[in-house]
Each structure stands twice: as C-alpha cells, then as structure tokens.
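Each chain, letter by letter, is given below.
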Amino acid sequence: MKMKKTDIGVVAFFYLVSAYFYSQTVKLPASSQTYPRFTVALVFGLTTLYLIQMIVRAVKNGTESVTADFKDFQARQFIFCFCATIVYLVLIHFFGFYIATAIFMVAVLLFLRVPLIATAISVVVILALIYFAFQKFLGVRLPVGEVIKALK
Amino acid sequence: MLGTLAQMGAGFLNALTPINLLMMAGGVAMGIIIGCMPGLSAAMGVALMLPMTFKMAPETGLIVLGAIYCGAIFGGSISAILIHTPGTPASAATAIEGYQMTLRGHAGKALFTACYASFWGGLLSCISLYFFAPLLSQLTLKFMSAEYFWLSIFGLTIIAGVSSKSIVKGLMSGALGLLISTIGLDPITGVKRFMPSSYFAEGINTTCALIGLFSMSQVFVLAEAKIKQRARATKFTDKMSLTREERRLIRPTIFRSWIIGNLIGILPGAGASIACFLGYNTSRQFSKHKDQFGKGSIEGVAGSEAANNAVTGGSLIPTLTLGIPGESVTAVLMGGLVIQGLTPGPELFGKYAPMTYTFFAGFVLVQFFMLGIGLLGCRGFAQISRLSDAILIPCVTVLCFVGSYAIHKNIMDMVVMLVFGVLGYAMRKFDLNTAAVVLALILGPIGEKGLRNALRTSNGNISVLFSSVVCWVLIALCIVGILSPIFMAKMEKKAEKDAVAGTEEDIEKLTEEDSV
C-alpha cells in the first residue's frame with residue numbers, strides 16, 4: 001500500500017488541532033486540565049503513530065499522487081454547490097427561510113440542468129413539505145429574515 | 001417474569017395507538033424511499049429525520065427512527081433488484097441474484113422474496129431483542145466510574161475500527177471527536193473550555209453534528225461527482241407472489257440467515273453489509289438447487305435479505321444496553337436516544353421500561369408495515385429510485401438546514417451543521433471515520449465523568465482504572481475492538497469473494513452442460 005500524499009495534509013490538520021487545544025488547555029485552572037490533556041495526548045499520539053505508518057509506507061512502496069483522491073472530481077459543480085450553500089445561509093439571515101430556499105433551489109437546480117418543470121415541482125414540493133411538516137406539525141417558527149423584519 | 005410479560009403486553013397496547021401506527025407507516029415509507037435511492041444511506045436518513053422526532057413522545061420518536069432504519073435496509077433491495085444498483089451496501093448481495101431474476105422476467109417474484117425474507121428476518125430478530133437486551137442491561141449495574149470510562153473507550157475502539165480503511169485513522173477520528181466533546185462548560189467545575197461564544201456553553205449540539213456529518217457531507221459527496229442519468233427501472237408484469245413450494249423452499253434459508261444476521265448485529269463492529277454476503281453464501285452452501293445460483297435464485301435473494309434485516313434487532317441490543325452502537329445507523333439512533341434525555345443501560349428496563357417495551361413492540365409492528373408497504377408500493381418506490389442526484393442535492397441541503405434549525409430555533413445551529421458537513425466531507429474524502437466522531441461526541445461526556453470521578457475518589461491514583469475485574473475485561477475488549485476490524489475485513493472479503501466465485505462457477509457449469 002502506497003502512502004497517500006493527501007495524508008500529509010490530514011496529519012498536519014490533526015497536529016494543528018491538538019496544538020491549538022493544548023495551548024488553550026494550559027490556560028485552564030489545573031483542576032479542569034486533566035481530561036482535555038488526556039484527549040490532546042490521545043490525538044497527538046495517534047497522529048504520530050499514523051505519521052510513522054506513512055513514512056514506512058512511503059519508504060517501502062512509494063507515494064500516491066494527490067489526484068488519486070480527486071479522480072472524476074467535478075470542480076465547477078462542487079464549487080458552485082458549496083458556495084451556493086454558504087450564500088443560502090446568508091440569504092436565510094437576511095430574507096428569511098422561504099425566500100432564501102426558493103432562490104437557492106432554483107439556482108442550484110438550474111445550474112445542474114434540471115428541466116424547468118421539474119425545478120418548479122421540486123421547489124413547490126419542498127416548500128410545502130417544510131411548511132406542513134415543520135411549521136404546522138412541529139410548530140417551528142422559521143426565520144423571517146432581517147430585511148423582511150425591517151420592511152414590516 | 002410475569003412483570004416483564006405484563007410490560008411487554010402493555011408495550012403492545014401503547015404501540016397500537018393511532019399516532020404510533022401512523023408514524024410507523026410514515027417512517028417505513030420514508031425509510032424505503034431513502035433506502036432505494038442509491039445516493040442516500042440509512043444513517044443519513046435517520047440523521048435527517050432526527051429533528052422531526054423532538055416534539056414526539058420518546059417512544060414514538062424512537063419508533064419512527066427504527067421504522068426508517070428497517071425501511072431503508074429493505075429499500076436498498078428494490079434498486080438492487082430492478083436496476084442492479086444496491087440502494088445501500090446492505091443489499092449488495094441481493095443484486096447478484098435479484099437482478100438475474102429481473103432479467104428473466106421474474107422481478108415481481110424477486111421483490112416479493114426480498115420483502116417476505118426481510119419481514120421474517122426483522123421479525124425474528126425482535127425475539128433476541130426482547131430476550132437478550134434486559135439481561136445484558138443488568139450487567140451495567142456492576143459498573144462504577146472507572147468501568148464507565150473504559151466502556152466509552154471500548155465503544156470508540158469498536159466503531160473507530162469498523163468502518164475505516166485504516167484502524168489508526170479510525171482511532172484518530174474518535175480521538176478528534178473526544179477533543180471536540182470537551183468544548184463547553186466543564187461538567188464538574190463549570191469552567192469555560194474552548195468556547196468562542198456563550199452559544200457553546202452546553203457543548204456542541206449533537207444533532208447538528210449528526211446532520212452535518214452524515215447528511216450534509218453526503219450532499220457534498222453527491223455534488224463532486226458527475227450527475228448521471230440512472231438506469232430506468234424495469235417495468236415488471238409478473239405477479240408479486242411465491243407459490244407454497246417456493247415459500248417452503250426458502251423457509252430454512254430465512255431461519256439460517258436470521259441466526260447469522262442476528263449474531264452479526266449483536267457483535268459490535270459488524271453490520272448489515274457483512275451479514276448480507278454471509279447470508280447469501282450460506283444459502284448457496286445449503287441449497288439443493290445450486291444450479292439456480294447466478295441465474296436468479298430465490299434462495300439467494302432470501303438469504304441475503306433475511307440476514308441484513310435480522311441485523312436491525314440484533315444491533316439494537318448493544319446500543320440500548322451498553323451504549324455501544326456497532327455501526328453508523330445505530331450510532332445515530334443512540335444519538336436520538338440521548339437527545340431525548342435517555343441513557344442506555346438498566347434504566348431503560350427499569351424506570352423507563354414502559355417506553356422501552358413500547359419501542360420494542362413498535363419495532364415488531366414496523367416489520368408488518370414493512371411487509372405491507374413494501375409489497376403494495378414496490379412499483380412506485382422503483383420509480384422514485386430514479387430520482388436524479390441533481391434534484392437530491394438542493395432538496396437534502398434544505399432539509400439539513402431546516403432540521404438543524406428546528407431544534408433550538410437558532411441560526412447558529414445551521415452554521416454548526418454546515419461546519420460539521422464540511423468536516424464530514426473532508427473526513428470521508430480522506431478515509432477518516434465520521435461515525436467515530438459522532439460516537440465520541442456522545443460517549444465523550446460519559447467517559448470524562450467516569451475518569452474524573454474515579455480519579456477524584458482515589459485522590460488522583462491512576463491505579464483505580466485497573467482495580468476491578470470488569471475494568472480488565474473492558475480493557476481486553478478494547479484490544480479486541482482494535483484488532484477486530486482486521487478479522488472483519490478478512491471475513492467480508494472472503495464472503496464477497498466466495499459469493500462472486502461461486503456464482504461464476506455455477507454459470508460455467510451451466511454453460512458446459514448446455515453445450516453438451
């Protein structure tokens with residue numbers, strides 16, 4: 001089994017996380033340090049163990065390129081969907097749940113080349129489902145949005 | 001004894017209320033829909049529906065989650081049989097014989113066999129749930145603080161190893177989850193730990209983390225792949241039934257697969273995907289019609305489907321009694337239990353016995369709903385399984401957002417869910433284990449309390465962690481837990497290899513006979 005180059009990033013991430021938590025742990029009162037120290041040590045120890053495994057693999061079998069993990073990766077599609085999700089969250093805050101959902105769904109569905117009729121049906125079905133299941137059945141008051149609140 | 005029987009009876013009476021029956025039907029239908037869509041998984045479905053159960057009575061909420069679980073495991077067989085794409089990994093073996101039956105114009109018969117075998121597999125698994133769960137829960141009465149600490153570590157080693165390609169990476173995921181579980185107020189001293197804002201005072205919201213790690217991450221997984229048109233589900237015209245002889249033929253297969261599935265379910269670390277291959281292989285080994293294998297054998301379909309559904313009841317035993325879920329779905333189910341304010345263990349069979357036995361009874365009734373809805377709705381579900389990923393991506397995203405918001409009605413919950421969604425996606429991409437993080441978030445506080453109370457009572461003497469036989473048994477189990485994935489992987493590979501090799505052999509033999 002070859003060493004995956006992407007694992008370098010994984011190991012770095014785990015070291016960073018444990019370093020951050022350790023730096024915060026030492027600031028805690030002594031009585032509260034025991035358990036966080038234990039978990040930080042656990043993460044650090046296991047990451048080091050994996051690092052050793054990686055080095056052994058690299059020496060024995062060589063390395064596997066980063067592209068192996070991203071074969072058939074649709075970058076444009078992924079980035080659009082990811083950004084749309086973040087924008088959706090912002091839209092909910094400003095325009096409320098229903099308006100944001102309609103905008104988000106139409107944008108993503110059209111980008112993914114879903115026919116117009118299917119897009120319309122999907123949006124209506126999801127909005128109706130949320131209205132009846134969450135708002136009516138569970139009594140959840142969904143966010144109205146800052147802009148809408150101000151307009152009211 | 002009589003008291004337990006009375007509680008069982010009362011459980012059935014409680015489970016038979018109109019709201020519970022309605023929820024069972026809805027849960028099963030939802031589960032089948034999720035299961036038959038190849039892009040979605042049972043764990044994801046249960047996580048997504050978790051917020052819907054908050055306002056329900058605990059037993060009703062658990063029944064809904066159990067119904068989704070059973071429905072999804074069965075639902076995977078519909079697309080496996082009709083479009084040769086298992087909806088869930090638990091139906092991978094069903095695709096071998098099921099699709100062959102479809103090609104030969106017996107899709108209806110294959111679907112009936114899958115439904116019938118799933119029903120019996122699930123129903124029989126309830127027997128062990130009724131008998132073993134209360135017994136095993138008594139074991140935890142012997143647990144003190146140190147034992148609880150080791151129990152949480154054992155739970156983590158099991159789940160960390162089972163669904164990861166690398167055991168160390170699985171353990172790293174679990175350790176990361178433990179670290180994240182320390183965010184919030186110190187449970188003993190009340191000191192603020194790693195809190196960027198007061199929102200995190202109660203720690204990370206487990207439900208948001210669950211939805212993010214299992215459902216939102218799945219959206220990103222779907223978004224990175226090319227959107228493909230799914231194969232059209234074969235329209236079948238044959239009758240959905242089996243003759244009396246055929247039912248008699250698959251009876252022993254179902255019985256064997258029930259035992260296999262149940263044992264696999266009880267064993268923490270093994271899941272439905274292993275059970276289906278073992279059930280399939282065993283059915284071939286014992287079959288008097290080996291020539292049918294590879295050509296579309298009903299015994300093959302029954303063997304695989306009875307085994308994977310028998311896992312459901314079995315896997316609930318360690319989850320409800322010891323708090324050790326053996327796989328992702330039960331980890332999410334346990335999350336549902338904890339969120340309802342319940343703790344796995346003897347309390348569930350003492351103080352909360354009415355609720356537990358209502359859930360058990362509901363779980364039995366769910367099997368009947370699965371049979372009915374499965375048989376009546378197969379044709380419709382087959383069409384739903386064609387739903388494109390392009391539609392699923394925004395729809396699931398919206399449900400993730402609304403689900404995480406519904407719990408505390410706080411937009412910050414949506415942010416946390418999204419962060420865990422990104423984390424979950426990265427973890428899946430780099431072979432880390434999302435189920436281990438979830439379990440660590442649940443078990444972390446239990447382990448922490450156990451460790452700190454044990455150390456406090458012994459004035460910081462660490463030997464208290466090794467002071468009882470139960471501690472040593474749990475330590476030994478932790479070691480077994482770490483090593484078990486090696487054996488499980490070998491077992492799964494062998495079962496898979498045997499299934500494929502056996503089928504190819506049978507086909508070769510038949511071709512030779514035909515040419516002669």
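Residues numbered from 1 in each chain as written. Chains lettered and ligands numbered in written order. Predicted model: local features only at pLDDT ≥ 70, side-chain atom pairs only at ≥ 80, totals over all residues. Heavy atoms only, no water.

Caption draft 1: Broad picture of the packing of helix α10 (residues 244-266) of chain B against helix α12 (residues 298-321) of chain B. Residue and element names in this part refer to chain B. Two elements in contact, α10 and α12, have axes whose closest approach is 6 Å; the angle formed by their N-to-C orientations is 35 degrees. Between α10 and α12 the crossing geometry is right-handed. Here Glu-246, Leu-249, Ile-250, Thr-253, Ile-254, Ser-257, Trp-258, Gly-261, Asn-262, Ile-264, Gly-265 and Ile-266 of α10 come into contact with α12, specifically with Ile-298, Glu-299, Ala-302, Gly-303, Ala-306, Ala-307, Ala-310, Val-311, Gly-314, Ser-315, Ile-317 and Pro-318. For the contact of α10 with α12, the per-class residue count stands at 14 nonpolar, 8 polar and 2 charged. (Axes fitted to C-alpha atoms, helices over the stretch in contact; angles between N-to-C directions. Helix = DSSP H or I, 4+ residues; strand = E, 2+ residues; numbered from the N terminus. Left-handed = near helix turned anticlockwise from the far one by under 90°. Contact = heavy atoms within 4.5 Å. Nonpolar A, V, L, I, M, F, W, Y, C, P; charged D, E, K, R; others polar.)

Caption draft 2: View of the interface of chain A and chain B. Tallying the contact residues gives 64 residues for chain A and 63 residues for chain B. Roughly 5,400 Å² is buried in total at the junction of chain A and chain B, and carbon and sulfur atoms are behind 82% of that figure. Between Lys169(B) and Asp7(A) there is a salt bridge, and its shortest N-O distance comes to 2.8 Å. Our count for the contact surface shared by chain A and chain B stands at 10 residue pairs in polar contact (both at pLDDT 80 or more). (Buried area = accessible area lost by both parts, 1.4 Å probe. Salt bridge = Lys/Arg side-chain N within 4 Å of Asp/Glu carboxyl O. Polar contact = N/O pair within 3.5 Å; in protein donor to acceptor, adjacent residues only side chain to side chain.)

Caption draft 3: Focus on the nonpolar core. Counting 206 residues, the largest nonpolar core has Phe97(A), Phe134(A), Ile78(B), Trp150(B), Phe360(B), Phe401(B) and Phe420(B) as the members making the most contacts within it. At 15 residues, the largest contribution of residues to this core is made by helix α14 (residues 353-384) of chain B. Summarising the domain contributions, this core has at least three residues from each of domain 1 (3-70) and domain 2 (75-150) of chain A. Beyond its immediate chain neighbours, meaning those up to four positions away, Phe134(A) contacts Leu129(A), Gly139(A), Val140(A), Met52(B), Val402(B), Gly403(B) and Ala406(B). (Core = buried A, V, L, I, M, F, W, Y, C linked by side-chain atoms within 4.5 Å. Buried < 20%, exposed > 50% of the residue type's maximum accessible area, 1.4 Å probe, protein only. Domains from an automatic or database assignment.)

Caption draft 4: Geometry of the confidence of the model for chain A. Counting all residues, the mean pLDDT for chain A is 90, and 100% of those residues have values of 70 or more. Helix α4 (residues 97-111) of chain A holds the highest mean pLDDT among the elements of chain A, 95, whereas strand β2 (residues 63-64) of chain A holds the lowest, 81. (pLDDT = per-residue confidence, 0-100.)

Caption draft 5: Quick peek at the environment of Val221(B). Residues and elements named next belong to chain B. With respect to the helices, strands and loops of the structure, Val-221 is situated in helix α9 (residues 206-224). In this structure Val-221 comes out as partly exposed when scored by relative accessible area, which is 26%. Spatially, the C-alpha atoms of Val-221 and Asn-453 are 42 Å apart, while their sequence positions differ by 232 residues. Setting aside residues up to four positions removed in sequence, Val-221 forms contacts with Tyr-425 and Arg-428.

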